[in-house]
Amino acid sequence: VTAFDYFSTIKKHEYACDFILGEHGYFCVTKAPLSDGSTRGEMSLVGVYADDNFNYAWSGAYNNGILDFDVVEIADSACLGNTNIKNVYLSSYSKLRRIGDSAFNGCSSIEWVQMATSSLQQIGKYAFKGCNLLTTIKLPENVYSCSAYFVDGCTNLQTISVNGNNSYYTSIKGVLYNKAKTTLLRCPEGYTSTSFLSDNYPSSITTIGNYAFEGC
């Protein structure tokens, strides 16, 4: 940061850190930790350092030698168009709350996604758009906001499943509904049934969501 370089009376705090490059990726600090260490900092992953960064377990915790930070978000367009990423393992990210819009949009080599972390709450639109090798994806238990467009263009996706403890969403035969089973939110584009007859959906359904069958 150079905006205040010529103001000699203004000093950068010793704990200030706006951008972090670590072995697990590139991060922007979104919440600074307290200097006494009583509160951890928060950061957003804005890019991968290596194409295999999501291949293995990592808690999302980082220490810069002084203070501690946690990854709370995969930023909008963080990995947009990266065709070298093959796996996305997020289950051990203990503080991850959000996967942003288009976070993995166009990552056409992704073969599987594991999001089973209880901290995850939001999945943005087009988060996994165009991930054509995906055949299944599962919403964790505490997700309360998931765009129906999060898997647009996933032409081989056969099943969207939901953790049984989720209070906002449910899945029936691989199709995504709201928890009350009144709204069909998304049928995966690779749905294997050639017809959608009454025995394929609940009698409680009253609404078909916008673009629920797009690409099917």
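Report on the accompanying structure. (Residues numbered from 1 in each chain as written. Predicted model: local features only at pLDDT ≥ 70, side-chain atom pairs only at ≥ 80, totals over all residues. Heavy atoms only, no water.)

1. Quick notes on the overall build of the protein
Inclusion rule: Helix and strand definitions here come from DSSP, where helices need a minimum of 4 consecutive H or I residues and strands a minimum of 2 consecutive E residues; each element is numbered from the N-terminal end. Residue contacts follow a heavy-atom distance rule, with two residues in contact if any of their heavy atoms lie within 4.5 Å. Surface exposure here means Shrake-Rupley accessible area, sampled with a 1.4 Å probe, where a residue is shielded only by the protein chains that are shown.
Within the protein one finds 0 helices and 16 strands. Considering only contacts within the protein whose residues lie at least 6 apart along the sequence, 53% involve residues at least 24 apart. Within the structure as shown, the protein displays about 10,900 Å² of accessible surface, and the carbon and sulfur contribution to it stands at 48%.

2. Re a nonpolar patch on the surface
What counts here: Grouping into patches uses exposed residues only, defined as over 30% relative accessible area, and leaves out salt-bridged ones; the cut-off is 9 Å for like charges and 5 Å for nonpolar side chains (Val, Leu, Ile, Met, Phe, Trp, Tyr). Just to be clear on terms, a salt bridge is a Lys or Arg side-chain nitrogen sitting within 4 Å of an Asp or Glu carboxyl oxygen. Think of it in three bands: with a 1.4 Å probe and only protein chains considered, a residue is buried below 20% of the maximum accessible area for its type, exposed above 50%, and partly exposed in between.
A cluster of nonpolar residues, Phe19, Leu21, Val46 and Tyr49, forms a patch on the protein surface that exposes about 390 Å² of accessible area. On the secondary structure map, Leu21 appears in strand 1 (residues 19-22). Judged by relative accessible area, Leu21 falls into the partly exposed class, the value being 49%.

3. With respect to the sheet that holds strand 16 (residues 207-208)
Put simply, the rule reads: Here a strand pair is declared whenever DSSP counts at least two bridges between the two strands.
In spatial order, the strands read 13-14-15-16; together these 4 strands make up an open sheet with mixed pairing. Unpaired on one side and paired on the other, strand 13 (169-172) and strand 16 mark the two borders of the sheet. As paired elements, strand 14 (residues 175-178) and strand 15 (residues 183-186) share 2 bridges and run antiparallel to each other. Each residue of the ladder has a partner; that of Leu176, found in strand 15, is Arg186.

4. Here's the deal with the environment of Leu21
Between the alpha carbons of Leu21 and Val48 there is a distance of 9.5 Å; along the sequence they are 27 residues apart. In contact with Leu21, other than residues within four places in its own chain, are Tyr26 and Tyr49.

5. Describing the pairing of strand 1
Covered by surrounding structure in strand 1 are Ile20 and Gly22 only, the residues Phe19 and Leu21 on the alternate face being uncovered. The pairing of strand 1 with strand 2 (residues 25-31) spans 4 bridges and is antiparallel. Among the inter-strand pairings, Leu21 is bridged to a residue of strand 2, identified as Tyr26. In this antiparallel pair of consecutive strands, strand 1 and strand 2, the connection spans 2 residues.

6. Quick look at the environment of Lys86
Counting through the fold element by element, Lys86 comes out in the loop between strand 5 (68-74) and strand 6 (87-89). A sequence separation of 25 residues divides Lys86 from Glu111, and the C-alpha atoms of the two residues are 5.6 Å apart. The residues contacting Lys86, other than those within four sequence positions of it, are Ser109, Ile110, Glu111 and Trp112.

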